[in-house]
Each structure stands twice: as structure tokens, then as C-alpha cells.
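Examining the three-dimensional arrangement
Next come the chains, spelled out residue by residue.
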Amino acid sequence: MSLVRRATAEDAEEVLRLRQVMIDSVFSTGSETDWHTASLPTLRDRLADPDGNFAAFVVDHPERPGALAALVAGTVEYRIGKAGNPHGRVGYVFSVATDPDARRRGYSRACMAELLEWFRERGVGQVDLTASEDAEPLYASLGFARTNDPFMRLKF
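Note that the structure is a prediction, hence the values are computed from the model and not measured. (Residues numbered from 1 in each chain as written. Predicted model: local features only at pLDDT ≥ 70, side-chain atom pairs only at ≥ 80, totals over all residues. Heavy atoms only, no water.)

1. Quick notes on the overall build of the chain
Applicable threshold: Secondary structure elements follow DSSP: runs of H or I of four or more residues count as helices, runs of E of two or more count as strands, with numbering from the N terminus. The globule rule used here is 2.2 Å times the number of residues to the 0.38 power, and the radius of gyration it is set against is calculated over C-alpha atoms. Buried residues are those whose accessible area, probed at 1.4 Å on protein chains only, stays under 20% of the maximum for their type, while exposed residues exceed 50% and partly exposed ones sit between those limits. Should any heavy atoms of two residues lie within 4.5 Å, those residues are counted as being in contact. Note on areas: Shrake-Rupley, 1.4 Å probe, and residue coverage restricted to the protein chains presented here. Within this scheme the basic residues Lys and Arg register as positive and the acidic residues Asp and Glu register as negative, but His and the chain ends are omitted. Note that the charge is assigned to NZ on lysines, CZ on arginines, CG on aspartates and CD on glutamates.
Along its length, the chain carries four helices and five strands. Ordered by position from N to C terminus, the α and β elements of the chain give β-α-α-β-β-β-α-β-α. The C-alpha atoms of the chain give 16 Å as radius of gyration, which agrees with the globular expectation for 156 residues (15 Å, within 12%). Here the chain holds 156 residues, and the buried ones make up 38% of them. Relative to all contacts within the chain whose residues are 6 or more apart in sequence, the contacts with residues 24 or more apart total 63%. Just so you have it, the chain exposes about 10,000 Å², and 53% of that area is on carbon and sulfur atoms. If you average the places of the 19 positive and of the 23 negative side-chain charges in the chain, the two averages end up 4 Å apart.

The structure is reproduced here in C-alpha cells:
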């Protein structure tokens, strides 16, 4: 029996906590959490929709009942097709996080395997993610490769 399960609306606060763990480990912007309150209702709605284009897979913390040890979340987007992905379904992985006291146990790998299977079931032709230097070996072992794609961002 797998330790990994699909996150539910009841997991929303813990999902946000682990997302903050990821943010704090990747970005040196401080640990602002004011946004959690505004984000919580939307996240609960998304987690409650099992047929939507968003999924999160988690592992319950073995030593802390009610807490999560690991989280992987992703979305399926549609982009106009191209060679190698004619149907234009693209998976995007984000918020891969493991609680600091639960690391090195294979939880993120197990969650990633479930998310990748979820993408396959939806006919996704490619999966993208942004990798930290520390996480790159995990992703490479799952078949991910660095690309030369330019990436830019506009915030509103």
C-alpha cells in the first residue's frame, strides 16, 4: 500500500504550510505568510475538485498526526499543439516540498511518481518544472532534462 494519497480540501492548511517550506528554502525573500488567509478558500475549492486540472499528492507525517510530511502539486494546461505534443496538454509541477524533519525518506520521489502518473492519465505530452540545484538530481533520475527555453514573467 502506498504512503502517497491525493490531497483533499481538509489538507489545505498543511498544503499551504508545506508550500511555505518550499518558498522559504528556494527564495530568500523572508517568511511572509499573510497571503495564506486569502489563498486558503481558493486552495480548498481546488483540492475539493477531483476532476479539475489541479492535483496535489501528499504523504502524512509519520510522527505528527494531522501534519503532512511531503507535498507535490501540479496543473494541466492547454497550449496549442506542436511537434512532440500535438494535443497541447502540458503538465506543470510546482510546490515540491518535504518537511525538514521528514527528508531523505523518498517521500517527494513517491509523490512525484503519483503526479506523473496523474499527468499520463490525462494525456499530457510534456511536463515542465523549475528545479533548485538541490532537487535537480531527483528530477534527472525521473527523466527530466534541462532546457534552453527562455523564461520571463510579468506580474499584475
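2. So, the packing of aromatic side chains
As a reminder of what qualifies: Aromatic contacts are taken between Phe, Tyr and Trp rings whose centres are within 6.5 Å, Trp giving its six-membered ring; a plane angle under 30 degrees counts as stacked, one over 60 as edge-to-face, and the others as tilted.
Taken as a whole and assessed by the stated rule, the structure comprises four aromatic pairs. With centroids separated by 6.2 Å and ring planes inclined at 25 degrees, the aromatic side chains of F54 and F94 adopt a geometry described as stacked. Taken together, the positions of F54 in strand β2 (residues 54-60) and F94 in strand β4 (residues 89-98) put the pair 40 residues apart, joining distant regions of the chain. With relative accessibility at 8%, the residue F54 sits in the buried group. On the basis of relative accessibility, which here comes to 24%, the residue F94 falls in the partly exposed class. Centre to centre, the rings of Y92 and F94 are 6.2 Å apart; their planes meet at 20 degrees, and the pair counts as stacked.

3. Side note on the sheet that holds strand β1 (residues 4-6)
The strands making up a sheet are joined through hydrogen bonds of the backbone, oriented either antiparallel or parallel. Test applied: A pair of strands counts as paired when DSSP detects no fewer than two bridges linking them. Only C-alpha atoms enter the line fits that serve as axes; for helices the fit covers just the stretch in contact. Angles between N-to-C directions range over 0 to 180 degrees.
Read from one edge of the open sheet, five strands run β1-β2-β3-β4-β5, paired in mixed fashion. Either end of the sheet is taken by a strand with one partner, and the two such strands are β1 and β5 (126-129). With direction set aside, neighbouring strand axes in the sheet form an average angle of 25 degrees. Bridge analysis of β4 against β5 gives four bridges, and the strand direction is parallel. For Y92, the partnering residue across the bridge sits in β5 and is D128.

4. A closer look at the pairing of β4
So the rule is basically this: When the strands point away from the viewer, a crossover counts as right-handed if the route from the first strand across the helix to the second turns clockwise.
Summarising burial for β4: seven of the 10 residues are buried, a large majority. For strand β3 (residues 68-78) and β4, the ladder comprises eight bridges, and the chain directions are antiparallel. From the neighbouring strand, A70 faces β4, where its bridge partner is T98. Handedness of the crossover is the feature at issue here: the chain leaves β4, passes through helix α3 (residues 107-121), returns alongside β5, and the resulting connection is right-handed.

5. Topic: the nonpolar core
Stated precisely, the cut-off is as follows: Take the buried Ala, Val, Leu, Ile, Met, Phe, Trp, Tyr and Cys residues and link them wherever side-chain atoms come within 4.5 Å; each set so joined is a nonpolar core.
If you look at the biggest cluster of nonpolar residues, it comprises 24 residues, and the most contacted ones within it are M112, F119 and Y139. Core analysis: the next-biggest nonpolar cluster, separate from the first, contains 18 residues, L18, F54, V58 and L71 among them.

Treat this as a map of the structure, not an account of what it does.
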